[in-house]
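So you can see what is in the structure, the chains are spelled out below.
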Amino acid sequence: MFRFPLFIAIMLIVAFGGGIMISLYALDATQGFGAIKLGAWEAFPALQTVEADPYAKSHRARAGKLLYGSAEGLTFTASVDDEGARLNAGCRYRISGQTPPARLWTLFTADNGGNPAAVTTGHPSALNSWTVLRQQDSSFSIEISAVAQPGNWLALPQAGSFRLVLTLFDTPTAGSSGVIDLAMPKLTKTGCGNA
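Residues numbered from 1 in each chain as written. Predicted model: local features only at pLDDT ≥ 70, side-chain atom pairs only at ≥ 80, totals over all residues. Heavy atoms only, no water.

A. Region of the structure containing the overall build of the protein chain. When helices and strands are tallied, the protein chain shows 2 helices and 10 strands. Counting from the amino terminus, helix and strand elements in the protein chain follow one another as α-β-β-α-β-β-β-β-β-β-β-β. Each of the 195 residues in the protein chain was classed as buried or not, and the buried ones make up 33%. Across the protein chain, every contact between residues at least 6 apart in sequence was considered, and the portion connecting residues at least 24 apart equals 71%. Of the roughly 11500 Å² of accessible surface on the protein chain, 61% is carried by carbon and sulfur atoms. (Helix = DSSP H or I, 4+ residues; strand = E, 2+ residues; numbered from the N terminus. Buried < 20%, exposed > 50% of the residue type's maximum accessible area, 1.4 Å probe, protein only. Contact = heavy atoms within 4.5 Å. Areas by Shrake-Rupley, 256 points an atom, 1.4 Å probe, with all protein chains shown as cover.)

Below you can see the structure in the form of structure tokens.
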């Protein structure tokens, strides 16, 4: 007598629960369509615009983050190096070159959710265009490791994978279609462990 209603109840729970879990996974898997990949760096120029796809709108609504207008800024993230290997806190990396033109840029280490990474207190987890040391040609080199380095240095969390988030503020490239032609800084692995 109760087998059929119980069977229907279980099927509804599986259907709705599975649908919700798959939807949450889809929102965490991507920020939307229209990604532009420049070396290790990836950006979603249409993410904060009215033309953003439904997945991008859902992603930003779920995250609860305010986004920049198309002329205000553009955010690039890197979760792999230039060779395509996943960024790992047990390794050391170097960012070298120049950023595209911008009034100000910021760079910070983040966890896989995009939140600032937890590093040892007192260690630098962020740099910006005003504080970075530059060469005479305006290029820079930033060492990224868990152990302190001379010059420009970003600290890493003790273990696990991480992301780098580079935001260009008040940049002419944010509102233009020439984003693909930008030259981004190189992100190279310089070693792992004690090697």
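Picking up after the structure, the text goes on.
B. Local environment of unusual backbone geometry. Phi is positive for Ser138, close to 75°, though the residue is something other than glycine. Position of Ser138 relative to the elements: it lies in the loop between strand S6 (126-128) and strand S7 (140-145). Residue Ser138 is classed as partly exposed on the basis of its relative accessible area of 39%.

C. Region of interest: the state of the cysteines. A complete count under the given rule lists 1 disulfide for this structure. One disulfide bridge connects Cys91 with Cys192, the sulfur atoms lying 1.8 Å from each other. One disulfide, between Cys91 and Cys192, carries an S-S torsion of 90° and so falls in the right-handed class. One end of the pair, Cys91, is in strand S4 (residues 91-97); the other, Cys192, is in strand S10 (residues 186-192), with 101 residues separating them in the sequence. Judged by its relative accessible area of 7%, Cys91 falls in the buried class. (Disulfide = S-S within 2.5 Å.)

D. Region of interest: the confidence of the model for the protein chain. Per-chain confidence: the protein chain averages 79 in pLDDT, with 74% of residues scoring 70 or above. The element-level mean pLDDT for the protein chain is lowest in helix H2 (residues 54-63), coming to 67, with S4 highest at 91. (pLDDT = per-residue confidence, 0-100.)

E. The arrangement of the sheet that holds strand S8 (residues 152-155) in detail. Across the sheet, which stays open at both edges, the 4 strands sit in the order S8-S7-S4-S10 with mixed pairing between neighbours. A single partner strand is all that each edge strand has here, and the edge strands are S8 and S10. Each strand axis lies, on average, 25° off the axis of its neighbour in the sheet, ignoring direction. Here S7 pairs with S8 via 4 bridges, running parallel. Within the sheet, the bridge partner assigned to Ile144 lies in S8 and is Leu154. (Pairing = 2+ DSSP bridges. Axes fitted to C-alpha atoms, helices over the stretch in contact; angles between N-to-C directions.)

F. Broad picture of a nonpolar patch on the surface. Taken together, the side chains of Phe4, Leu6, Phe7, Ile8, Ile10, Met11, Leu12, Val14 and Phe16 define a hydrophobic patch exposed on the protein surface, amounting to about 930 Å² of accessible area. With respect to the helices and strands, Leu6 occurs in helix H1 (residues 3-29). What makes Leu6 exposed here is its relative accessible area of 51%. (Patch = residues over 30% accessible without salt bridge, like charges linked within 9 Å, V, L, I, M, F, W, Y side chains within 5 Å. Salt bridge = Lys/Arg side-chain N within 4 Å of Asp/Glu carboxyl O.)

G. Examining empty space enclosed by the protein more closely. By the definition in use, this model includes 2 cavities of 30 Å³ or more. Computed from the structure, the second largest cavity encloses a volume of approximately 30 Å³. Lining the second largest cavity, in full, are Trp41, Ile95, Thr99, Trp105, Leu107, Phe140, Ile142, Leu166 and Pro185. Sorting the residues of the lining of the second largest cavity by element identifies strand S5 (104-110) and S7 as the ones contributing at least two each. In the lining of the second largest cavity, the residues fall into 8 nonpolar, 1 polar and no charged. (1 Å grid on protein atoms, 1.4 Å probe; cavity = no way out; pocket = protein on both sides within 12 Å on 5 of 7 lines; lining within 4 Å. Points joined across faces, edges and corners; volume = space filled by probe spheres on them. Nonpolar A, V, L, I, M, F, W, Y, C, P; charged D, E, K, R; others polar.)

H. The pairing of S4, seen in detail. In terms of strand pairing, S4 meets S10 through 6 bridges, oriented antiparallel. If you follow Cys91 over to S10, its bridge partner there is Cys192. Looking at chain direction, S4 and S7 are connected through 5 bridges and run antiparallel. Residue pairing across strands places Arg94 opposite Glu143, the latter belonging to S7.

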